[in-house]
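Commentary on secondary and tertiary structure
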Amino acid sequence: MELRALGSTGMQVSPLGLGTVKLGRNQQVKYPSAFELPDDKAVSGLLDLARELGINLLDTAPAYGSSQERLGRLLGNRRKEWIIVSKVGEIFEQGESRFDFSFEHTVKTVEQSLATLKTDYLDCVLIHSNGDDLQILEQEGALGALRELKRRGLVRSHGMSSKTIEGGLRVVREMDVVMATCNLDHNEELPVLEAAHVQGKGVLIKKGLMSGHVQGAAGVRRSFKHVFAQPGVSSMIVGTINPVHLRDNVRLLEQVLEGSA
Ligand code: NAP
């Protein structure tokens, strides 16, 4: 897969990224069916397959259960082959989510992620919004903390996984990367994608397959066509623990990007 610029960060990412919620968390998730977490052998195989297929982008978060611990252990000396996106703000404990967007908690979370992922830098850190995007950006310490962590060289770029148009537009003005929802049923955030394109900011798409509610290969193809018809999309993060789906997704996306599907 041909790599794309992640906005103006200088980083190049594959148009398909691997979402890792399902590597570490199967409670309080909105997928169509229940699932068991894959074992270490399956996760290693999935990571190797993703690299083989040209995927270089991993999306993770401390709130994704054991995702970071497993990645830290299983990536081993191959960490540098990946662009790792992590998050701050959401805490998932004993089956429940809560949020903390303070300066101190943001710094502590990044330091913990570095230790857990066994790395000395994160390629991108996103503020994991609870929906109050503007309030978080204007009144909490997370944005200031990420700026400080960038200065210290621990974080290469920052952004927000936002939920509102106003918030997304603010992210585009003030940060490097925006993660927004775009799929066949959700197009409210298109103005955010457009603004990011105009201003040369990175765009990561979440829930592009409607969290698994698309129908078959035709639904996946239509979803890819829809997302990649938008200007400025750097990468679509698709979460899968099924190697057959991973291969299908890469094949279908390549066809869409070549214009042959
Ligand atoms: P998604 O990528 O739209 O959907 C993932 C679901 O689609 C999985 O259940 C997967 O099941 C299924 N799937 C994947 N390929 C398929 C195929 N070819 N055919 C049929 N089903 C397929 O949604 P998401 O997981 O909600 O979002 C993607 C990633 O974005 C997450 O992993 C996470 O990294 C990130 N995210 C971030 C936020 C946030 O607020 N920041 C929220 C949601 C997601 P199988 O495992 O069976 O393939």
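Residues numbered from 1 in each chain as written. Predicted model: local features only at pLDDT ≥ 70, side-chain atom pairs only at ≥ 80, totals over all residues. Heavy atoms only, no water.

Thoughts on the site of the ligand
The condition that has to hold: Throughout this document, a residue counts as near a molecule or strand when at least one of its heavy atoms sits within 4 Å of that molecule or strand. What qualifies as a polar contact is a pair of N or O atoms within 3.5 Å, subject to a donor-acceptor requirement within protein and to the restriction that residues adjacent in sequence count only when both atoms come from side chains. Only the protein chains shown count as cover for residues, with accessible areas throughout obtained via the Shrake-Rupley method and a probe of 1.4 Å.
The environment of the ligand is formed by 27 residues, the closest being Tyr31, Asp59, Ser161, Thr240 and His245. In this structure, an oxygen atom belonging to the ligand sits 2.9 Å away from a main-chain N or O atom of Leu209. Backbone polar atom of Gly212 to an oxygen atom of the ligand: 3.2 Å apart, as the coordinates give it. Out of a free accessible area of 880 Å², the ligand has 89% covered by protein chains.

Here's the deal with helix α8 (residues 190–199)
Rule in force here: Only protein chains enter the accessibility calculation, which uses a 1.4 Å probe; a residue is then buried when its area is under 20% of its type maximum, exposed when over 50%, and partly exposed in between. Each helix corresponds to a stretch of at least 4 residues labelled H or I by DSSP, and each strand to a stretch of at least 2 residues labelled E; elements are numbered beginning at the N terminus. What the arc measures is the spread of directions leading from the helix axis to the C-beta atoms. Pairs of residues are marked as contacts when any of their non-hydrogen atoms sit within 4.5 Å.
Those residues of α8 lying buried are Val192, Leu193, Ala195 and Ala196. Along the axis of α8, the buried positions cluster into a sector of 165°, meaning they face one direction only. As for α8, its buried residues are in contact with α7 (165–174), β10 (177–181) and β11 (202–206).

A closer look at the environment of Ile84
If you trace the backbone, Ile84 turns up in strand β5 (residues 83–88). Sequence separation between Ile84 and Thr20 is 64 residues; the distance between their C-alpha atoms is 11 Å. Apart from the residues lying within four places of it in its own chain, the contact partners of Ile84 are Leu58, Thr60, Leu75, Arg79, Leu117, Leu122, Asp123 and Cys124.

Focus on the environment of Lys41
With respect to the element layout, Lys41 can be found in helix α2 (residues 40–52). Spatially, the C-alpha atoms of Lys41 and Leu74 are 9.3 Å apart, while their sequence positions differ by 33 residues.

Considerations on the packing of α2 against helix α3 (residues 67–75)
So the rule is basically this: Geometry is summarised by axes, namely lines fitted to C-alpha atoms with helices restricted to the contacting stretch, and by angles between N-to-C directions that run from 0 to 180 degrees. Here is the rule for angles: anything less than 35 degrees is roughly parallel, anything more than 145 is roughly antiparallel, 65 through 115 is roughly perpendicular, and the remaining ranges are oblique. If you view the pair so one helix is near and one far, a crossing is left-handed when the near helix is turned anticlockwise from the far one by less than a right angle, and right-handed when it is turned clockwise. Any residue outside Ala, Val, Leu, Ile, Met, Phe, Trp, Tyr, Cys, Pro, Asp, Glu, Lys and Arg is labelled polar, Gly included; the first ten of those are nonpolar and the last four are charged.
Following both chains from N to C, one finds α2 and α3 inclined at 70°, their axes separated by 11 Å at the closest point. Between α2 and α3, the interaxial angle falls into the category roughly perpendicular. In this structure, the crossing between α2 and α3 has a hand that is right-handed. Packed against α2, whose contacting residues are Asp40, Val43, Ser44 and Leu47, the element α3 presents Arg70, Leu71, Arg73, Leu74 and Leu75 at the interface. When the residues that make up the contact of α2 with α3 are grouped by side-chain class, the tally is five nonpolar, one polar and three charged.

What about the side chain of Glu189?
Residue placement: Glu189 occurs in the loop between β10 and α8. Not counting chain neighbours up to four residues away, the residues in contact with Glu189 comprise Ser162, Lys163, Ala180 and Thr181.

A few points about the packing of aromatic side chains
As a reminder, the rule being used: Stacked, edge-to-face and tilted are the three classes for Phe, Tyr and Trp ring pairs, Trp counted by its six-membered ring, which pair at centre distances within 6.5 Å; planes under 30 degrees apart are stacked, over 60 edge-to-face, the rest tilted.
In the structure shown here, the tally under the stated rule is two aromatic pairs. For the pair Tyr31 and Phe35, a centre-to-centre distance of 6.0 Å together with 70° between the ring planes defines the contact as edge-to-face. Using a relative accessible area of 24% as the deciding quantity, one classes Tyr31 as partly exposed. With centroids separated by 5.8 Å and ring planes inclined at 20°, the aromatic side chains of Phe99 and Phe101 adopt a geometry described as stacked.

As for the nonpolar core
Note the cut-off: Definition used in this section: a nonpolar core is a set of buried Ala, Val, Leu, Ile, Met, Phe, Trp, Tyr and Cys residues joined via side-chain atoms within 4.5 Å.
With 61 residues, the main nonpolar core has Val110, Ile127 and Phe224 as its most contacted residues. For Phe224, the residues in contact, after removing those within four places along its chain, are Leu16, Leu209, Met236, Val238, Asn249, Leu252, Leu253 and Val256. Val85, Leu126, Met179 and Leu204 belong to the second-largest nonpolar core, a separate cluster that totals 12 residues.

Brief notes about the pairing of strand β9 (residues 158–161)
Two faces, one strand: in a regular strand the side chains alternate between the faces of the sheet. Selection rule: In this scheme, strands are said to pair when DSSP sees at least two bridges between them. By convention, a crossover is right-handed whenever its connection, traced from the first strand over the helix to the second and viewed with the strands pointing away, goes clockwise.
Residues of β9 alternate between two faces, with His158 and Met160 on one and Gly159 and Ser161 on the opposite face, all of them buried. Relative to β10, β9 is paired through three bridges, and the arrangement is parallel. The residue of β10 that forms the bridge with Ser161 is Met179. A crossover links β9 with its parallel partner β10, the connecting element being α7, and its sense is right-handed.

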